[in-house]
Amino acid sequence: MYSSAYVWAKVLSYMEERLTSTTVSAWFDDAEVVELNEENLILYSPSDFRREIIRRRCTDYVQDALKEIFNSDAKLLVFGDEEMAARKSKVNSHTSMDFNPQFTFDNFVVGPSNRFAHSAAIAVSKTPGQVYNPLFIYGPPGLGKTHLLYAIANGIRKENPSANIVYIKGDQFTNELIDAIKSGKNIEFRSKYREADLFLVDDIQFIAGKESTQEEFFHTFNKLYEEHKQIVLTSDRKPDDMLTLEERLRSRFLWGLIADINPPDYETRMAIIKNKANQLGLHLDDDVCNYIAVNITNNVRQIEGTVKKILACRDLNNMSLDLNSVSRVIGDMFKNEGSALPTPPLIISQVCKFYNVDESVLRGTQKNKGTAEARQVAMYLMRKLTNLSLPDIGKEFGRDHTTVLYAVRKVEATLKKGSSTTENNIRDITANINSSL
């Protein structure tokens, strides 16, 4: 499939041969391709006069070019500002994001570890774009950052149902940008994010180190900020700890309010367990709640998953809810802190996210510079972070142990030379791996 930019360039060239380059430039100089599909080629031109000329005098030329060069029967549509506004409104109405209504401020259990972030999120939902912009919430995974994002979205939508709320994860932003470049849909991509009233980005750390993504995000951030649109970002670390994040983005993230979320204390964990049990219609005795709270100390998501498992065992196996029965079925969900090692798939997944490489490519035989570097870093991290032998690591990539040894030594040599880029990349990837355990 050809990109719309390529198709349009060919169409212009076709018309220049028949109308002269001066004529084509005069009429199409400010025209932009909005969309190209099997049925339509949509152009945007801000000039009423030029739009009328294009419609009356050039429609046949454009459609003939599409037919002759690409064997396409697409019809030409020329939009002005009104048509573009109507199109954006229609797109927004059909792509309006729904957020889980269970994620509200009312059912967010507040404690000393998250009270500041919770209060800041409430303030943002009440006066979006006026205080704490951007709001940057950071902390380990599973502590409620996404819950607060959704609560902000639900709060704002309740007050303003027509608000254009856009939510995206950092790695998805990169993937959508790549797809937009490949398909020539940069205008649609930018419109989606730069027309937002509320812009929510989860796991913003994944854009660090990606030059084109950071460039696009920089301009998106600037436009929204200048128009006083609310921006809320979450991360597993504070901006100063994102070593491969561009300084201009780091400084902007610090313009607003930085709020951290830490693992909940014992009292908060007990409250979370009882709150989740009540939501599920489950009555747990204090000794059972205490057993869970003592054994799960760092992850709210795991606490909630444990309560759901107890419910499932009660309903499916008719299990009683005494401490002995509960401890038998959930004991395997507990792990000692620091005992878990990352798996090869986890390491490969995080390396691929960082370098924006498909896992099949990383495990494959391509030898271009970017892929080779990512593969060597993955092998190095497996050697450093796991107990796998060189042959076992090699099996993950379909290679022998000598290739792995070469990769490990290559990375180590680069680090010894003082390469700050490689060192920062490995630190960021390692942080992403640890945060996913």
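Scroll up a little and you will see the structure.
Residues numbered from 1 in each chain as written. Predicted model: local features only at pLDDT ≥ 70, side-chain atom pairs only at ≥ 80, totals over all residues. Heavy atoms only, no water.

**A short note on the nonpolar core**
The tendency in soluble globular proteins is for nonpolar side chains to be buried as a group. Residues Leu135, Ile152 and Leu200 are the most contacted members of the largest nonpolar core, which totals 47 residues. Tallying contributions element by element places helix H6 (residues 145-159) first for this core, with 7 residues. If we ignore the near neighbours within four places in the chain, the residues touching Ile152 are Phe105, Ala121, Val124, Ser125, Leu135, Leu198 and Val232. Core analysis: the next-biggest nonpolar cluster, separate from the first, contains 28 residues, Met379, Tyr380, Ala407 and Ile429 among them. (Core = buried A, V, L, I, M, F, W, Y, C linked by side-chain atoms within 4.5 Å. Buried < 20%, exposed > 50% of the residue type's maximum accessible area, 1.4 Å probe, protein only. Helix = DSSP H or I, 4+ residues; strand = E, 2+ residues; numbered from the N terminus. Contact = heavy atoms within 4.5 Å.)

**Some remarks on the packing of aromatic side chains**
Applying the stated rule across the entire model yields 16 aromatic pairs. With a centroid separation of 5.7 Å and an interplanar angle of 55°, the aromatic rings of Tyr193 and Phe199 are classed as tilted. We note that Tyr193, like Phe199, is buried. Members of the aromatic cluster, each reached through a chain of ring pairs, are Phe136, Phe173, Phe189, Tyr193, Phe199, Phe217, Phe221, Tyr225, Phe253 and Trp255. One cation-aromatic arrangement involves Arg18 over Tyr14; the distance from NZ or CZ to the ring centre is 3.6 Å. Sitting above the plane of the Phe218 ring, Arg248 keeps its charged end 4.0 Å from the centroid. (Phe/Tyr/Trp six-rings, centres within 6.5 Å; stacked < 30°, edge-to-face > 60°. Lys NZ or Arg CZ within 6 Å of the ring centre and 35° of its normal.)

**Describing helix H7 (residues 170-183)**
In a regular helix each residue adds 1.5 Å, so 14 residues correspond to 20 Å; H7 covers 20 Å between its end C-alpha atoms and thus fits that length. Of all the residues in H7, the buried ones are Gly170, Asp171, Phe173, Thr174, Leu177 and Ala180. In this structure, the buried side of H7 is in contact with strand S5 (165-169), helix H8 (186-194), strand S6 (198-202), helix H9 (211-226) and helix H15 (344-355). (Expected span 1.5 Å × (residues − 1).)

**What about the pattern of salt bridges?**
According to the stated counting rule, one finds 24 salt bridges in the structure shown. Here Asp197 and Lys229 are joined by a salt bridge, their closest N and O atoms 3.2 Å apart. With Asp197 in the loop between H8 and S6 and Lys229 in the loop between H9 and strand S7 (230-235), this pair connects stretches of sequence that are 32 residues apart. Look at Asp197 and you get partly exposed, because its relative accessible area is 29%. When its relative accessible area of 23% is taken as the criterion, Lys229 is described as partly exposed. A salt bridge links Lys223 to Glu227, with the shortest nitrogen-to-oxygen separation between them at 3.0 Å. Through salt bridges with shared partners, one network takes in Lys169, Asp202 and Asp203. (Salt bridge = Lys/Arg side-chain N within 4 Å of Asp/Glu carboxyl O.)

**Regarding the environment of His118**
Counting through the fold element by element, His118 comes out in helix H5 (residues 115-126). For the pair His118 and Leu148, spaced 30 residues apart in sequence, the C-alpha to C-alpha distance is 7.1 Å. Setting aside anything within four residues of it in sequence, one finds His118 in contact with Phe105, Phe108, Val110 and Leu148.

**Regarding unusual backbone geometry**
Put simply, Asn133 and Pro134 share a cis peptide bond, and its omega is 0°. By the secondary structure assignment, Pro134 is in the loop between H5 and strand S4 (135-138). Even without a glycine there, the phi angle at Asn356 is positive, about 55°.

**Brief notes about the packing of H15 against helix H20 (residues 420-436)**
Close contact between H15 and H20 brings their axes to 9 Å; oriented N to C, the two are set at 130°. Relative to H20, the element H15 lies oblique. Crossing hand, H15 versus H20: right-handed. Residue-level inspection shows Leu346, Ile347, Gln350, Val351, Phe354 and Tyr355 of H15 in contact with H20, the latter providing Asn425, Asp428, Ile429, Asn432, Ile433 and Ser436. Its residues assigned to classes, the contact of H15 with H20 comprises 7 nonpolar, 4 polar and 1 charged. (Axes fitted to C-alpha atoms, helices over the stretch in contact; angles between N-to-C directions. Parallel < 35°, antiparallel > 145°, perpendicular 65-115°, else oblique. Left-handed = near helix turned anticlockwise from the far one by under 90°. Nonpolar A, V, L, I, M, F, W, Y, C, P; charged D, E, K, R; others polar.)

**Concerning the pairing of strand S3 (residues 75-79)**
Of the strand pairs in this sheet, strand S2 (residues 40-44) and S3 are connected by 5 bridges, and their pairing is parallel. Within S3, the position partnered with Leu43 by the bridge is Val78. Regarding topology, helix H3 (residues 48-70) serves as the crossover connection from S2 to the parallel S3, and that connection is right-handed. (Pairing = 2+ DSSP bridges. Right-handed = clockwise from strand over helix to strand, strands pointing away.)

**Structural notes on the sheet that holds S3**
Spatial strand order, S1-S2-S3: 3 strands in an open sheet with mixed pairing. The open sheet has two edge strands, strand S1 (32-36) and S3, and neither has a second partner. Across the sheet, the axes of successive neighbouring strands diverge by a mean angle of 25°, strand direction being ignored. Both S1 and S2 contribute to a ladder of 4 bridges, which runs antiparallel.

Functional significance is not addressed by these values, which are geometric in nature.
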